[in-house]
Amino acid sequence: RCGEFNDAVEGASEYLASLLAVAHAGREGDNGFCVAVGECGLDYDRLQFCSKEVQLQYLEVQITELAAPLGLPLFLHCRTSEAATDLLELLAKHRALLPSTSPGVVHSFDGSLEDAQRFIEMGFDIGINGCSLKTAQNLEVIQKLPRDRILLETDAPWCAIKPTHAGHGHVRSTWNDVKKPEKWEEGKCVKDRCEPCHLRQVLEVVAGCRGEE
């Protein structure tokens, strides 16, 4: 979806205007459901799908011309240490445009402790899911994060905690499953597909590796 701005028939500015209109509509009334802008960010693991230059150009647009006028926090994606460096630079540049107390969350975080600390210093929370729990290095980072800055997530149907993940030994909860989606039954999971109920497993691994109940 990298080219949505450039490829829009009506042009990039009109496409942005349509996104703003959808967001405003989603904020109307007492039960408005639009609470953040995203998922957006930088992914340098997949440059074959979207160049670094295009990612940087339109992430800045999404911060300054979408999140800022809406007064909404960001739901951010970041892959690779180089992407983290560029993302931190861009967020620092426009930090004053974002909510002062809760500017957003860097979701599915699997980066270094140093990067996490820099995001936290700017007010961002760190989102943890199964993709954040793959390696021993990942667990070492999670052990040192401030408890009140960790947000748990599943990223379902992706990012399930697999037996090969370093944190799998802390998993205590399991569910009956079926092998194929078309065989799904209420109360069962689909094998190898992350489900919302797996949030409990994320909590178990985070608490387990931190030595907490």
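Our subject is the structure that appears above.
Residues numbered from 1 in each chain as written. Predicted model: local features only at pLDDT ≥ 70, side-chain atom pairs only at ≥ 80, totals over all residues. Heavy atoms only, no water.

Draft legend 1. Spatial organisation of the pairing of strand β1 (residues 37–43). Bridging between β1 and strand β2 (residues 74–79) involves six bridges; their strand directions are parallel. When the bridges of β2 are listed, D43 appears paired with R79. Regarding the hand of the β-α-β motif, the stretch spanning β1, helix α3 (residues 52–70) and β2 is right-handed. (Pairing = 2+ DSSP bridges. Helix = DSSP H or I, 4+ residues; strand = E, 2+ residues; numbered from the N terminus. Right-handed = clockwise from strand over helix to strand, strands pointing away.)

Draft legend 2. Region of the structure containing the packing of α3 against helix α4 (residues 81–93). At a minimum axis separation of 11 Å, α3 and α4 run at an interaxial angle of 30°. Taken together, the axis directions place α3 and α4 in an arrangement best described as roughly parallel. Note on packing geometry: the crossing formed by α3 with α4 is right-handed. Mapping the contact onto sequence places K52, L56, L59, E60 and I63 in α3 and E82, D86, L87, L90, L91 and K93 in α4. Residue classes in the contact of α3 with α4 are distributed as six nonpolar, no polar and five charged. (Axes fitted to C-alpha atoms, helices over the stretch in contact; angles between N-to-C directions. Parallel < 35°, antiparallel > 145°, perpendicular 65-115°, else oblique. Left-handed = near helix turned anticlockwise from the far one by under 90°. Contact = heavy atoms within 4.5 Å. Nonpolar A, V, L, I, M, F, W, Y, C, P; charged D, E, K, R; others polar.)

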